[in-house]
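Each chain is listed here by its residues.
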Amino acid sequence: MRGRQGPVIAKIMRSFPDIADIPAEARGASAAMGNFDGVHLGHQAVIDIARAAPAPLAIVTFEPHPREVFAPDAPPFRLMNAEARAHRLEKLGVEYLFQVPFDHALTRLTPEAFARDILADALGLSHVVTGADFRFGRDRAGDADMLRTLGKQLGFDVTIAELRRVEGAEISSTRIRHALSEGEPRLAAALQGHLHRIEGPVIHGDHRGRELGYPTANMALDGLHLPRLGVYAVTVDVTTGPRRGTFKGVASLGVRPMFGENTPNLETYLFDFDGDLYGEHLSVGLVEYLRGEEKFDSLEALIRQMDADSARAREVLA
């Protein structure tokens with residue numbers, strides 16, 4: 001049940017207190033707990049502490065992100081959707097992913113009830129690791145020190161991980177969002193410990209790319225923080241279908257100003273690729289920001305620029 005299929009989503013709590021049993025072998029796990037948006041180097045340090053315990057390695061996280069519940073009208077902010085987060089956690093060797101639905105029923109639990117009913121009784125954890133800034137329970141009344149006290153009472157150990165810093169500043173999802181907004185994917189990658197990736201299925205677009213000699217794989221950006229609009233050198237993992245593999249390419253992230261008002265999306269041209277990707281899942285890693293999004297005077301001018309973008313991306317990725 002482990003390995004190539006990804007982390008075992010051993011327990012998806014669809015509502016509280018409707019909690020089903022989890023596999024016996026998952027009980028007693030050592031779990032890193034948090035939102036893990038971006039799975040950055042700070043998150044990875046927390047996971048490494050959990051990994052050191054002589055127990056299965058697990059993650060306790062929340063879906064949707066709590067901010068989506070508390071501020072539903074806020075602009076999209078997530079660095080990763082749940083699928084991308086699970087893929088990254090798999091690569092870090094996580095064995096069990098406990099994805100707790102974050103809803104208003106959960107927000108009404110006291111810190112004591114959350115620790116007892118979910119961490120101890122439902123999941124049966126032996127060890128919990130969380131960052132020093134972790135808050136939980138009704139009105140965010142619980143903090144990491146309270147969790148340590150509750151753990152002693154309920155039979156699980158708690159380790160509080162210090163926040164990791166780079167060049168004197170804390171590594172955070174907020175800092176990564178700022179780097180991406182400034183068109184600095186290399187800085188974002190340095191903070192995350194991996195390329196910033198956009199993952200999901202290939203959807204049908206307007207098919208203009210094929211007409212221009214650049215057939216692209218189109219992906220939606222719903223719910224995600226938008227990096228700076230423009231053109232990027234990218235690497236692409238095709239994760240499903242007969243053409244699975246890793247490719248290089250160039251991608252346009254934006255609203256396509258040549259063709260009217262459009263919803264932002266990601267259009268990726270894979271170098272040296274021939275095939276149909278509709279419905280397949282891609283993971284597109286942003287390597288370098290090449291230029292901003294522009295509106296050209298003619299299609300010929302656009303094609304010339306696309307030629308130049310492709311040549312530049314090949315140089316960057318060589």
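Refer to the structure printed above.
About the criteria used
- Residues numbered from 1 in each chain as written.
- Predicted model: local features only at pLDDT ≥ 70, side-chain atom pairs only at ≥ 80, totals over all residues.
- Heavy atoms only, no water.
- Axes fitted to C-alpha atoms, helices over the stretch in contact; angles between N-to-C directions.
- Helix = DSSP H or I, 4+ residues; strand = E, 2+ residues; numbered from the N terminus.
- Parallel < 35°, antiparallel > 145°, perpendicular 65-115°, else oblique.
- Left-handed = near helix turned anticlockwise from the far one by under 90°.
- Contact = heavy atoms within 4.5 Å.
- Nonpolar A, V, L, I, M, F, W, Y, C, P; charged D, E, K, R; others polar.
- Buried < 20%, exposed > 50% of the residue type's maximum accessible area, 1.4 Å probe, protein only.
- Arc of directions from axis to C-beta.
- Salt bridge = Lys/Arg side-chain N within 4 Å of Asp/Glu carboxyl O.
- Polar contact = N/O pair within 3.5 Å; in protein donor to acceptor, adjacent residues only side chain to side chain.

Undergrad: Whenever I open this one, the packing of helix α5 (residues 111-122) against helix α6 (residues 144-154) confuses me. Can you help?
TA: When two helices pack together, you describe them by how their axes are tilted relative to each other and by the distance separating the axes. α6 packs onto α5 with a crossing angle of 55° between their chain directions and a minimal axis gap of 10 Å. Considered as vectors, α5 and α6 are oriented oblique to each other. α6 is crossed by α5, and the crossing has right-handed handedness. Along the contact surface, α5 presents Pro111, Glu112, Ala115, Arg116, Leu119 and Ala120, while α6 presents Met146, Leu147, Leu150 and Leu154. Split into classes, the residues belonging to the contact of α5 with α6 amount to eight nonpolar, no polar and two charged.

Undergrad: What is the right way to look at α5 in this model?
TA: Given 3.6 residues to a turn, an α-helix orients residues that are three or four positions apart in the same direction. The buried fraction of α5 amounts to nine of the twelve residues, a majority that puts the element mostly inside the structure. Every buried residue of α5 is accounted for by Pro111, Ala113, Phe114, Ala115, Asp117, Ile118, Leu119, Ala120 and Ala122. Next to the buried residues of α5 lie β2 (30-33), β3 (57-63), α4 (104-107), β6 (135-136), β7 (142-143) and α6. Downstream of α5 by one or two residues, glycine 124 has phi in the positive range, about 60°.

Undergrad: Mind showing me how you'd approach helix α7 (residues 173-181) here?
TA: Taken together, the buried positions of α7 are occupied by Ser173, Ile176, Arg177, Ala179 and Leu180. Looking straight down α7, one finds its buried side chains confined to an arc of 160°; they lie on one side. Of the residues in α7, the exposed ones pointing more than 90 degrees away from the buried face are Thr174 and His178. Packed against the buried residues of α7 are α1 (41-51), α2 (66-70), α8 (185-192), β11 (196-201) and β13 (230-238). Just downstream of α7 lies glycine 183, where phi reads positive at about 75°.

Undergrad: Help me understand the pattern of salt bridges in this model?
TA: Side-chain pairs of opposite charge can arise whenever the charged atoms involved come near each other. A complete count under the given rule lists 13 salt bridges for this structure. Its salt-bridge partner being aspartate 37, residue arginine 177 comes within 3.3 Å of it at the nearest N-O pair. Of the two residues, arginine 177 is situated in helix α7 and aspartate 37 in the loop between β2 and α1; the sequence distance between them amounts to 140 residues. The pair arginine 177 / aspartate 37 is uniform in exposure class, with both members buried. Residues arginine 291 and aspartate 309 are paired through a salt bridge, measuring 2.8 Å at the closest nitrogen-oxygen approach. Pair noted here: arginine 291 is in strand β16 (residues 281-292) and aspartate 309 is in helix α10 (residues 299-317), with a separation of 18 residues, a long-range link. Looking at aspartate 309, the relative accessible area reads 7%, which means it is buried. Here the salt bridges share partners, and the residues they tie into one network are Glu63, Glu68, Arg78 and Arg85.

Undergrad: It is not clear to me how the side chain of aspartate 237 should be interpreted in this structure. Could you clarify?
TA: Of note, aspartate 237 is situated in strand β13. Aspartate 237 gets classed as buried once you look at its relative accessible area, which sits at 16%. Within the local environment of aspartate 237, its side chain forms a polar contact with the side chain of threonine 246, the two groups lying 2.7 Å apart. With near-sequence residues (within four places) excluded, aspartate 237 lies in contact with Lys91, Arg197, Gly245, Thr246, His281, Leu282 and Ser283.

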